[in-house]
Amino acid sequence: MRDVLRAGLHEPNAMVLSTVSAQGRPSSRTVLLKGLDEGGFVFFTNYSSRKGTELAATPRCSLLFLWHVLERQVRVEGAAMRLSADENDAYFWTRPRASQIGAWASPQSEVVADRSALDERYSLLAQRFADERVPRPENWGGYCVEPESVEFWQGRLGRMHDRIRYRRTPDGWVTERLAP
Ligand SMILES: Cc1cc2nc3c(=O)[nH]c(=O)nc-3n(C[C@H](O)[C@H](O)[C@H](O)COP(=O)(O)O)c2cc1C
């Protein structure tokens, strides 16, 4: 992540989150990495969205980072756990006010009649919260993905790429090289 930040890439923290439905159908979408420490990889979203519903039923997911110009890819697999209400509040209130209102105005993943229905919801909520701090919607918050494996891929000459996988075992992390 340090290398990527140094390279000055656009949205270096964008990652593809894949979840699976109760019927075993996978789906993917981009989210932004908002925290990274020993605990795992943190992102924020709407708990009632498609991804939120799928994670409630099956918490296992994968994260994929692709930094094309660096010829690097990182694959993460693990289980996603919801953050606490306090952690969610703390992050929600760092967001721009417009995004806070947007979190209320958008029933993420639901079918909406048209653009104007969404815009109308937004204006009504902007009026409703005009003179107060925007509270966090109950169903808005973060997840921490606790990694069970992390694979670093580095493109190299002749398709002899490097693939180094860190795999969590009961005895600690095991490092393995995979064939490209
Ligand atoms: C660059 C980029 C960053 C995004 N970041 C987020 C994010 O951090 N959280 C989020 O809920 N959606 C984010 N989105 C929108 C998601 O990709 C997706 O459209 C939305 O979360 C609904 O997904 P779902 O219906 O599968 O739950 C982002 C989209 C893009 C293109």
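Please read these numbers as outputs of a predicted model, since none were measured by experiment.

Describe the nonpolar core, with residues and values.
The biggest cluster of nonpolar side chains holds 19 residues, and the ones touching the most others in it are Met15, Phe41, Phe43, Leu63, Phe65, Val76 and Val145. For this core, the elements supplying multiple residues, two or more each, are strand 1 (14-20), strand 4 (40-46), strand 5 (60-67), strand 6 (72-82) and strand 7 (140-154). Among the elements that line this core, the one with the most residues is strand 5, at 4 residues. Setting aside residues up to four positions removed in sequence, phenylalanine 65 forms contacts with Met1, Asn13, Ala14, Met15, Leu33, Phe41, Arg72, Gln73, Val74 and Val76. By size, the runner-up hydrophobic cluster in this structure holds 13 residues, among which are Tyr91, Ile101, Phe129 and Trp140.

Residue-level account of the packing of helix 4 (residues 97-105) against helix 5 (residues 115-128), with values.
Viewed as axis vectors pointing N to C, helix 4 and helix 5 meet at an angle of 120°, and their least axial separation amounts to 9 Å. With respect to each other, helix 4 and helix 5 are oriented oblique. Our pair here, helix 4 against helix 5, has a crossing hand that is right-handed. From helix 4, Ala98, Ile101, Gly102, Trp104 and Ala105 reach across to helix 5, where they touch Leu118, Arg121, Tyr122, Leu125, Ala126 and Arg128.

Parameters and conventions
Residues numbered from 1 in each chain as written. Predicted model: local features only at pLDDT ≥ 70, side-chain atom pairs only at ≥ 80, totals over all residues. Heavy atoms only, no water. Core = buried A, V, L, I, M, F, W, Y, C linked by side-chain atoms within 4.5 Å. Buried < 20%, exposed > 50% of the residue type's maximum accessible area, 1.4 Å probe, protein only. Helix = DSSP H or I, 4+ residues; strand = E, 2+ residues; numbered from the N terminus. Contact = heavy atoms within 4.5 Å. Axes fitted to C-alpha atoms, helices over the stretch in contact; angles between N-to-C directions. Parallel < 35°, antiparallel > 145°, perpendicular 65-115°, else oblique. Left-handed = near helix turned anticlockwise from the far one by under 90°.

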